[in-house]
Amino acid sequence: MNYLSVESLSKSFNEKDLLTNISFGLSQGEKMGLVGINGSGKSTLLKILAGLEQPESGKVVFRKDINIAYLDQHPRLHDEDTILEAVFNTAGNARLDLIKSYEYQLNLAETGHADEKELQKLMEQLDDANAWDYESTVKQILGKLGIENFDLKVGTLSGGQKKRVALARALIEKPDLLIIDEPTNHLDIDTIEWLENYLANQQLTLLLVTHDRYFLDTVTNGIIELEAGKIHRYQGNYSHFLDKKLERIVQEKAEVDKARNLMKKELDWMRRQPKARGTKAKYRVDAFHELKQKAGKKTTNQQIQLNVKTTRQGGKILEMKDVVLALGGKSLIDGFSYTFKKGDRIGIIGKNGVGKTTFLNLLTNKRKPDSGLIDWGQTTQIGYYTQDSYQFENEQRVIDVVKEVAEVIKLADGSEVTASQLLNLFLFPPEMQYNVVGKLSGGERRRLQLLRVLIQNPNFLVLDEPTNDLDLQTLNVLEEFLMGFRGCLLIVSHDRYFIDKLVDHSFIFEGHGQIKDFPGNYTDYRQQRASELSEEKRQMEADKPKKEKIKKPDEKKTKLSFKERREFEELSMQIDAKEAEKKVLVEKMNSGNLGHQELMDIGAEIARLDEEIELKTDRWLNLSEYA
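Calculation notes
- Residues numbered from 1 in each chain as written.
- Predicted model: local features only at pLDDT ≥ 70, side-chain atom pairs only at ≥ 80, totals over all residues.
- Heavy atoms only, no water.
- pLDDT = per-residue confidence, 0-100.
- Contact = heavy atoms within 4.5 Å.
- Core = buried A, V, L, I, M, F, W, Y, C linked by side-chain atoms within 4.5 Å.
- Buried < 20%, exposed > 50% of the residue type's maximum accessible area, 1.4 Å probe, protein only.
- Pairing = 2+ DSSP bridges.
- Helix = DSSP H or I, 4+ residues; strand = E, 2+ residues; numbered from the N terminus.
- Axes fitted to C-alpha atoms, helices over the stretch in contact; angles between N-to-C directions.
- Phe/Tyr/Trp six-rings, centres within 6.5 Å; stacked < 30°, edge-to-face > 60°.
- Lys NZ or Arg CZ within 6 Å of the ring centre and 35° of its normal.
- Salt bridge = Lys/Arg side-chain N within 4 Å of Asp/Glu carboxyl O.

## Points about the confidence of the model for the protein
Working step 1: Looking at the protein, pLDDT values average 81 and 83% of them are 70 or higher.
Working step 2: Across residues 299-304, where pLDDT falls below 50, the model places 19 contacts with residues more than four positions away in sequence or in other chains.
Working step 3: A low-confidence stretch, residues 547-556 (pLDDT under 50), is modelled with 15 contacts involving residues beyond four sequence positions or located in other chains.

Pasting the structure below:
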């Protein structure tokens with residue numbers, strides 16, 4: 001069943017052709033990732049599909065009877081709405097009004113002033129509108145996204161929190177077709193993994209843009225690549241896409257090489273013919289021009305080839321001793337000590353709000369500790385790439401942004417390149433270098449900001465979420481550069497692939513000011529943590545003499561209390577979710593592609609889920625007697 005048809009779509013921006021006569025479709029159940037370099041038109045295409053922009057030609061057709069939800073990269077919400085109102089999306093929402101009235105009467109009931117008839121009527125209306133499940137689903141998803149206080153005004157939230165609220169709204173609509181742009185930005189790793197599992201197991205059709213390669217690999221079953229205004233479509237997840245794209249590039253290169261050889265012969269023939277000879281075969285002339293176009297085709301993507309010179313690093317780099325910092329009465333760092341060594345490659349892992357960015361600000365001398373010592377070596381030169389975009393002047397030319405730092409840059413091999421040559425290596429071709437910054441996409445601005453940091457020859461790189469808004473091609477070559485970087489490297493990133501590839505040990509921010517130095521990358525940490533949790537559970541089972549039975553409701557009860565009724569409704573949804581989670585694990589275990597340790601870990605997780613399902617089912621059965 002076809003949900004979406006895109007036919008002969010074209011769109012240009014600032015005299016640049018973004019989409020050139022593209023056509024594709026989405027069928028029910030397809031989960032497609034949209035990939036392409038920054039500025040290739042990915043977000044523009046999604047906005048056209050969402051009706052926020054109009055194409056210059058072509059059409060977009062959706063199946064009439066489906067529900068569609070769209071999440072913009074920078075969603076717009078009403079500042080005066082509460083979080084709950086923003087999620088329900090509209091004032092006058094019938095279910096929202098019912099829930100508000102019910103909550104009001106419930107609060108009155110706790111003080112003995114409720115209108116019992118009104119309360120009973122509201123409960124019946126909530127039943128008819130299926131609003132019990134709706135409310136519990138809303139709060140469950142918001143909780144999973146790290147939002148607990150539903151009465152906060154949207155205007156008081158950070159940009160990242162607003163993105164989470166908008167994401168919750170899109171998920172709660174339970175759309176048939178979901179279109180989302182960079183959903184993982186501003187989410188911590190735990191939340192990304194929850195969202196990844198949620199989308200992988202939902203029966204929906206999906207089109208998303210993300211730079212998170214693990215996310216693409218887990219969630220999608222197809223990839224659409226946007227390249228030079230055209231699209232290439234691949235079946236399978238991101239790993240399969242990489243294999244097939246390589247095959248395509250090799251094939252195209254062979255075809256272009258063949259065309260170039262033929263063109264030499266044709267060019268010789270064309271030059272030998274008299275200019276005015278009317279008998280020259282017209283079909284051969286036309287074929288020559290077609291061959292010329294094919295032979296001139298570029299077959300390899302331009303790559304960043306950046307290896308800037310690193311300032312010499314002395315024996316002392318940076319030392320932290322008994323560092324303490326609290327903000328707003330909350331302990332973020334409690335007596336942390338560490339001496340950085342040459343070649344340290346450290347990833348920082350932790351939930352949002354535990355102080356990761358604050359820690360980086362301490363290292364870069366942008367904030368002072370409450371107590372303790374931070375001592376920088378005399379030769380330590382820090383390059384700090386922050387989450388906050390550098391405020392370029394919109395009328396400033398791209399090349400002038402680099403020339404502000406240096407007009408000639410020394411590379412590690414001793415050679416020199418001009419600002420223009422360096423920009424070209426960093427995917428800013430000559431025609432873009434003299435454009436004003438205001439014409440750059442968000443990802444292109446981030447790439448320019450990163451370039452400014454790298455060309456200052458730092459020997460201690462501090463990167464705070466460097467992967468946000470960067471395309472996959474830029475990420476790949478950035479990783480290659482960082483793997484060859486000879487100084488110290490400290491990274492905060494929610495991109496698990498990026499962290500796994502670049503770091504060899506991690507600072508784990510556990511909360512309440514505690515920071516653990518762990519010898520490994522993110523995947524190493526998760527595996528050890530899973531093993532520890534499994535052992536803790538086994539020990540708890542061994543210490544428990546017998547299984548505790550859930551206390552049944554009072555036999556004299558004739559109906560559930562308000563809270564028990566809500567618990568009863570939520571239990572059914574929770575049991576279904578646990579069963580779905582278990583099904584995914586069983587299928588993974590039966591795939592035949594897992595190692596011994598992975599099988600043991602999944603087996604332990606299935607056993608844990610079985611116990612949770614049994615306990616929740618017992619409770620549900622007990623409550624059902626009075627429902």
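That covers the picture; the talk isn't over yet.
## As for the nonpolar core
In summary, soluble globular proteins display a tendency toward joint burial of nonpolar side chains.
Working step 1: Of all hydrophobic cores here, the largest spans 50 residues; its most connected members are Leu 423, Phe 428, Leu 448, Leu 461, Leu 478, Leu 482 and Ile 491.
Working step 2: Every residue in contact with Leu 423, bar those within four places of it in the chain, is listed here: Val 398, Ile 399, Val 402, Phe 428, Gln 433, Leu 448 and Leu 451.
Working step 3: By size, the runner-up hydrophobic cluster in this structure holds 45 residues, among which are Leu 126, Leu 157, Ile 180 and Leu 206.

## Quick word on the sheet that holds strand β9 (residues 230-235)
Working step 1: Within the open sheet, the six strands sit side by side as β5-β6-β7-β3-β8-β9. Their pairing is mixed. At either margin of the open sheet sits one strand with a lone partner, and together these are β5 (68-71) and β9. This sheet shows a mean twist of 15° between the axes of neighbouring strands, independent of strand direction.
Working step 2: In this structure, strand β3 (residues 31-35) lies alongside strand β8 (residues 222-227), joined through four bridges in parallel fashion. By the bridge assignment, Val 35 is partnered in β8 with Glu 225.
Working step 3: Where helix α1 (residues 42-49) meets the sheet, its contacts fall on β3, β5, β6 (177-181), β7 (205-209) and β8, and the angle it forms with β6 comes to roughly 145°.
Working step 4: Sheet strands touched by helix α6 (residues 159-172): β5 and β6. Its angle to β5, the strand with the most contacts, is close to 170°.

## Focus on the packing of aromatic side chains
Working step 1: Following the criterion strictly, the structure yields 14 aromatic pairs and no others.
Working step 2: With centroids separated by 5.0 Å and ring planes inclined at 75°, the aromatic side chains of Tyr 234 and Phe 241 adopt a geometry described as edge-to-face. For the pair shown, Tyr 234 and Phe 241 are each scored as buried.
Working step 3: For the pair Phe 481 and Phe 485, a centre-to-centre distance of 6.3 Å together with 50° between the ring planes defines the contact as tilted. Pair check on accessibility: Phe 481 and Phe 485 agree, each one buried.
Working step 4: Directly above the aromatic system of Phe 428 lies the positively charged group of Arg 447, at a separation of 4.9 Å from the ring centroid.

## Some thoughts on the pattern of salt bridges
Working step 1: A full pass over the atoms with the stated rule returns 25 salt bridges.
Working step 2: Among the ionic pairs, Asp 495 bridges to Arg 213, the shortest N-O distance being 3.7 Å. Of this pair, Asp 495 sits in the loop between β18 (488-492) and α17 (496-502) while Arg 213 sits in helix α8 (residues 213-219), and the two are 282 residues apart along the sequence.
Working step 3: The closest approach of N and O atoms between Arg 248 and Glu 225, which form a salt bridge, is 3.1 Å. Here Arg 248, found in helix α9 (residues 238-272), pairs with Glu 225, found in strand β8; they are 23 residues apart in sequence, far enough to count as distant. Each member of the pair Arg 248 and Glu 225 is classed as buried.
Working step 4: Through salt bridges with shared partners, a single network forms among Asp 190, Glu 193, Glu 196, Asp 212, Arg 496 and Arg 526.

## A few points about unusual backbone geometry
Working step 1: Unlike most non-glycine residues, Asn 21 shows phi in positive territory, near 55°.
Working step 2: Summarising the element assignment, Asn 21 is placed in strand β2 (residues 16-27).
Working step 3: In this structure, Glu 182 takes a positive phi of about 50° despite not being glycine.
Working step 4: Secondary-structure assignment places Glu 182 in the loop between β6 and α7 (189-201).

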